[in-house]
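Remarks on the overall topology
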Amino acid sequence: SEQFVKGQYTAPYVCGKTKVFFRSGALKRLESDRSSIRSFNVSTLHNYAKTVVHRSRFRVMKRATVKLQAMWRLQKAQRDYKERMKAAVTIYYWMKHILARIKRKALRENDASIKIQSTWRAFNPRKKLKQQKKAAAMVQKSFKKRLDR
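Residues numbered from 1 in each chain as written. Predicted model: local features only at pLDDT ≥ 70, side-chain atom pairs only at ≥ 80, totals over all residues. Heavy atoms only, no water.

1. A look at the overall build of the chain
Helix and strand counts for the chain come out as one helix and four strands. Starting at the N terminus and walking to the C terminus, you meet the elements of the chain as β-β-β-β-α. By the compact-globule yardstick of 15 Å for 149 residues, the chain is too spread out, its C-alpha radius of gyration being 60 Å. Carbon together with sulfur atoms contributes 62% to the accessible area of the chain, which is approximately 15100 Å² in total. Here the chain contributes 40 positive and 8 negative side-chain charges, whose respective centroids are spaced 13 Å apart. (Helix = DSSP H or I, 4+ residues; strand = E, 2+ residues; numbered from the N terminus. Rg over C-alpha atoms; globule rule 2.2 N^0.38 Å. Areas by Shrake-Rupley, 256 points an atom, 1.4 Å probe, with all protein chains shown as cover. Lys, Arg positive; Asp, Glu negative; His and termini not counted. Charge placed at Lys NZ, Arg CZ, Asp CG, Glu CD.)

2. Regarding the pattern of salt bridges
Counted according to the given criterion, the structure contains two salt bridges. The salt bridge involving Glu-31 is made with Arg-34; its shortest N-O contact spans 2.8 Å. Placement of the pair is Glu-31 and Arg-34 together in helix α1 (residues 26–148), with a separation of three residues, close to one helical turn. Classification of Glu-31 as partly exposed rests on a relative accessible area of 37%. With a shortest N-O distance of 3.3 Å, Lys-76 and Asp-80 are connected by a salt bridge. Residue Lys-76 and its partner Asp-80 are both found in helix α1; the two are separated by four residues, about one turn of the helix. (Salt bridge = Lys/Arg side-chain N within 4 Å of Asp/Glu carboxyl O. Buried < 20%, exposed > 50% of the residue type's maximum accessible area, 1.4 Å probe, protein only.)

3. A few points about the packing of aromatic side chains
For the structure shown, the criterion picks out two aromatic pairs. Measuring from ring centre to ring centre gives 5.3 Å for Tyr-92 and Tyr-93, while their planes differ by 65°; the resulting arrangement is edge-to-face. Their ring planes at 5° and their centres at 5.8 Å tell us that Trp-120 and Phe-123 sit as a pair that is stacked. Remark: Phe-123 and Trp-120 occur in helix α1; sequence separation between them is three residues, near one turn of the helix. The ring of Trp-72 carries the charged tip of Arg-79 above its face, separated from the ring centre by 5.7 Å. (Phe/Tyr/Trp six-rings, centres within 6.5 Å; stacked < 30°, edge-to-face > 60°. Lys NZ or Arg CZ within 6 Å of the ring centre and 35° of its normal.)

4. Focus: the confidence of the model for the chain
Detailed reading of the predicted coordinates is not advisable wherever pLDDT is low. Considering every residue of the chain, the mean pLDDT works out to 90; 94% of them sit at 70 or more. For the chain, per-element mean pLDDT is lowest for strand β1 (residues 3–5), which scores 63, and highest for α1, which scores 94. (pLDDT = per-residue confidence, 0-100.)

5. Here we look at a positive patch on the surface
Side chains of Arg-55, Arg-59, Arg-63 and Lys-67 sit close together on the surface and give a patch of like positive charge. Considering the arrangement of structural elements, one finds Lys-67 in helix α1. Residue Lys-67 is classed as exposed on the basis of its relative accessible area of 60%. (Patch = residues over 30% accessible without salt bridge, like charges linked within 9 Å, V, L, I, M, F, W, Y side chains within 5 Å.)

6. Comments concerning α1
Between the first and last C-alpha of α1 there are 176 Å, a value that for 123 residues agrees with the 183 Å anticipated at 1.5 Å per step. Maximal helix bending in α1 amounts to about 30°, located at Phe-123; proline Pro-125 follows within four positions. (Expected span 1.5 Å × (residues − 1). Bend = angle between axes of the 7 residues up to and from the residue.)

7. Quick notes on a nonpolar patch on the surface
Side chains of Ile-91, Trp-94, Met-95, Ile-98, Leu-99 and Ile-102 sit close together on the surface and give an oily, nonpolar patch of about 620 Å² of accessible area. Among the structural elements, Trp-94 can be located in helix α1.

And the structure:
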């Protein structure tokens, strides 16, 4: 930045044949400008590096999280499957038990009806047999009486 001295603008530096000469405070100012630019660039680079590191960490964490969620879902699905299978097996065995009970009841009823039917079918022949025995006993009795006289 130029300064206005004695009606003229003067530069903060003068160039010689091989050297550059700075006025008082000019070098300090240039150094502070360079330092601020450098610190800005360093801070920008540092922020970029931090961003790269954090992004890579985030990707790793995201992959791990997705794997963890997948494993959790798998375990939950397996647990649910086992519970459903257990419930299905329980229902199957209860139904089998109920059907066996119904079948036993039907068999008992069938056996009872067979017994009733066989008893009823045997009733008339037994009645006739009884009557025939009675008749035979009467015939024998009367025949004995005749023989005894």
